[in-house]
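One-letter residues, chain by chain:
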Amino acid sequence: MITHGKNIKIFTGNSYPKLAQDIADRLGLKIGESQVGTFSDGEISVNIAETVRGLDVFVIQPTSAPVNDNLMELLIMIDAFKRASVGRVTAVMPYYGYARQDRKAKARDPITAKLVADLITAAGADRVLTMDLHAAQIQGYFNIPVDNLMGAPILSNYFVESGFADQDDVVVVSPDLGSVTRARKFADRLNAPIAIIDKRRPKANVAEVMNVIGDIKGKRVILIDDMIDTAGTICNGANALVKMGAKEVYACCTHAVLSGPAIERIEVSAIKQLVMLDTIHLPEEKAIDKIKILSVAPIFAEAIKRIYEDVSVSKLFD
């Protein structure tokens, strides 16, 4: 029994309209009418062009680059909906920006992931739907429901369909100690062993491979991470694995930030193919032959449908 708004509506900001359209198409819905732009001084301007009174509204807006603009668009849209007497508003954030600043790594560091959570809550969001938060504890930064979908099943299904399951020469590699749990779950789906790269990070966006724990000689290895930003970690890892005897290196991730020199690094690296999800819009100039993009629209559409119908979303977490 649906206990909230009279109907469902999908709206989007300027972050990734195509993904919003793909999700809406799968739900058999039209994108809600709104104009999101800027005033001459750069301030965000939002105009909701249709009634939303009593509706169950989902705002699809990854907070990827330009992060601050996309975040402000999301906050102002939520505020506009709440002031228009919306029944319920859900912030759908396939990519949650500022998630890497999730703790105080050193004295006087901010915890920006918590600040963003507070801003989204203060704007009036009733719940959040996202995918592969960089740190699981970010869910606890909210005092509203947070559904954190997993991208690994989509990625692993691609490799299963590509013939990597139950093969003696396949190894799943974690690029660091923090990603071991993710790698192990991924490897279980392929019935493959895992290996771990032991590295140190002298400064931000710089990582040096020290050692590899596990057997990768003569193997096809799959590097898995939640996010690839400047691609230094993943490319250094791939190059090191080849030097240490790996036969082929594949890489996959949920969030392809791909900032700065990322594309150039991937092109010249030992990575044979990079498989990624489309939680972040990839400009055409970055769509190189090595990159394979998989859609998250089906799982987000299903999650939105379940949230609207007040049925369990938890089965989608695996």
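Residues numbered from 1 in each chain as written. Predicted model: local features only at pLDDT ≥ 70, side-chain atom pairs only at ≥ 80, totals over all residues. Heavy atoms only, no water.

**Some remarks on helix 6 (residues 232-243)**
Owing to its 3.6 residues per turn, the α-helix brings residues three or four apart onto one side.
Logical step 1: Between its terminal C-alpha atoms helix 6 stretches 16 Å, which fits the 16 Å expected from 12 residues at 1.5 Å a residue.
Logical step 2: Of all the positions in helix 6, only Gly232, Thr233, Ile234, Cys235, Gly237, Ala238, Ala240 and Leu241 are classed as buried.
Logical step 3: The positive-phi residue at the C-terminal boundary of helix 6 is Gly245, with phi of around 115°. (Helix = DSSP H or I, 4+ residues; strand = E, 2+ residues; numbered from the N terminus. Expected span 1.5 Å × (residues − 1). Buried < 20%, exposed > 50% of the residue type's maximum accessible area, 1.4 Å probe, protein only.)

**A short note on the sheet that holds strand 5 (residues 88-93)**
Logical step 1: Strand order across the open sheet formed by 5 strands is 1-4-5-6-7, with parallel pairing between neighbours. Each edge of the open sheet carries a strand with a single partner, namely strand 1 (8-12) and strand 7 (146-149). Strand-to-strand, the axes of this sheet are offset by a mean angle of 20°, without reference to chain direction.
Logical step 2: Sheet strands touched by helix 2 (residues 67-83): strand 1, strand 4 (56-60) and strand 5. Its angle to strand 5, the strand with the most contacts, is close to 165°. (Pairing = 2+ DSSP bridges. Axes fitted to C-alpha atoms, helices over the stretch in contact; angles between N-to-C directions. Contact = heavy atoms within 4.5 Å.)

**Some thoughts on the environment of Leu29**
Logical step 1: Assignment of secondary structure puts Leu29 in the loop between helix 1 (17-27) and strand 2 (34-38).
Logical step 2: Classification of Leu29 by relative accessible area gives partly exposed; the value is 23%.
Logical step 3: As for Leu29 and Ala270, which are separated by 241 residues in sequence, their C-alpha atoms are 43 Å apart.
Logical step 4: In this view, Leu29 contacts Ile8, Ile10 and Ala24; residues no more than four positions away in its chain are not counted.

**Describing the packing of aromatic side chains**
Logical step 1: For the coordinates displayed, the defined rule picks out 7 aromatic pairs.
Logical step 2: Ring plane angle 90° and centroid distance 5.3 Å describe the contact between Phe159 and Phe164, whose orientation is recorded as edge-to-face.
Logical step 3: Since its relative accessible area comes to 0%, Phe159 is described here as buried.
Logical step 4: Site record: aromatic cluster; members linked through ring pairs are Tyr158, Phe159, Phe164, Phe186 and Tyr250.
Logical step 5: Over the face of the ring belonging to Phe164 we find Arg220, whose NZ or CZ atom lies 4.6 Å from the ring centre. (Phe/Tyr/Trp six-rings, centres within 6.5 Å; stacked < 30°, edge-to-face > 60°. Lys NZ or Arg CZ within 6 Å of the ring centre and 35° of its normal.)

**Regarding the side chain of Asp109**
Logical step 1: Residue placement: Asp109 occurs in the loop between strand 5 and helix 3 (112-123).
Logical step 2: Residue Asp109 is classed as buried on the basis of its relative accessible area, which comes to 19%.
Logical step 3: Only 3.4 Å separates the side chain of Asp109 from the backbone nitrogen of Ala105, close enough to count as a polar contact. (Polar contact = N/O pair within 3.5 Å; in protein donor to acceptor, adjacent residues only side chain to side chain.)

**Details of the UniProt feature "binding site: Mg(2+)" (unreviewed entry) in the chain**
Logical step 1: Within this structure's numbering, the places UniProt gives as "binding site: Mg(2+)" (unreviewed entry) are His134 and Asp176. The named residues occupy 43 residues along the chain; their greatest pairwise C-alpha distance, 13.6 Å, places them in one compact cluster.
Logical step 2: One can find His134 in the loop between strand 6 (127-131) and strand 7.
Logical step 3: The residues contacting His134, other than those within four sequence positions of it, are Ala99, Arg100, Asp226 and Met227. (UniProt positions renumbered as here; feature names shortened; annotations may be inferred.)

**Observations regarding the side chain of Gln61**
Logical step 1: Note that Gln61 resides in the loop between strand 4 and helix 2.
Logical step 2: Side-chain polar atoms of Gln61 contact the side chain of Glu73, separated by 3.0 Å.

**A word on the pattern of salt bridges**
Logical step 1: Considering all chains together, one arrives at 16 salt bridges under this definition.
Logical step 2: Close ionic contact of Asp225 with Arg182 constitutes a salt bridge, the shortest N to O distance being 4.0 Å. Within this pair, whereas Asp225 is found in strand 11 (residues 220-228), its partner Arg182 is found in helix 5 (residues 180-190), the two being separated by 43 residues in sequence.
Logical step 3: Accessibility expressed as a relative area gives 9% for Asp225, which makes it buried.
Logical step 4: Residues participating in the shared-partner salt-bridge network are Asp56, Arg88 and Asp310. (Salt bridge = Lys/Arg side-chain N within 4 Å of Asp/Glu carboxyl O.)

**Section: unusual backbone geometry**
Logical step 1: In the segment running from Ala65 into Pro66, the intervening peptide bond is cis, with an omega of -5°.
Logical step 2: For Leu258, which is not glycine, the phi dihedral falls at a positive 50°.
Logical step 3: Following the sequence through the fold, Leu258 ends up in the loop between strand 12 (248-256) and helix 7 (262-268).

**Considering the pairing of strand 7**
Logical step 1: Because side chains alternate across strand 7, one face comprises the buried residues Val146 and Asn148, and the other comprises Asp147 and Leu149, equally buried.
Logical step 2: Judged from the 4 bridges that link them, strand 6 and strand 7 form a sheet pairing that is parallel. Paired with Thr130 across the two strands is Asn148, which belongs to strand 7.

**Focus: the nonpolar core**
Logical step 1: Among the nonpolar cores identified, the biggest contains 44 residues, and Leu149, Phe159, Phe186, Ile222, Phe300 and Ile304 are the most heavily contacted of them.
Logical step 2: A total of 8 residues in this core trace back to one element, the largest contributor, which is helix 8 (residues 297-308).
Logical step 3: Beyond its immediate chain neighbours, meaning those up to four positions away, Phe186 contacts Ala152, Leu155, Ser156, Phe159, Val172, Ile222, Ile224 and Cys252.
Logical step 4: Residues Ile78, Phe81, Ile138 and Tyr141 belong to the second largest nonpolar core, which totals 34 residues. (Core = buried A, V, L, I, M, F, W, Y, C linked by side-chain atoms within 4.5 Å.)

**Considering the packing of helix 2 against helix 3**
Logical step 1: Two numbers describe how helix 2 lies on helix 3: the axes approach to 8 Å, and their chain directions differ by 25°. Regarding the angle of helix 2 to helix 3, the classification is roughly parallel. Contacts between helix 2 and helix 3 involve Leu71, Leu75, Ile78, Asp79 and Lys82 from the first element and Val116, Leu119, Ile120 and Ala123 from the second.
Logical step 2: Looking at side-chain class alone, the contact of helix 2 with helix 3 contains 7 nonpolar, no polar and 2 charged residues. (Parallel < 35°, antiparallel > 145°, perpendicular 65-115°, else oblique. Nonpolar A, V, L, I, M, F, W, Y, C, P; charged D, E, K, R; others polar.)

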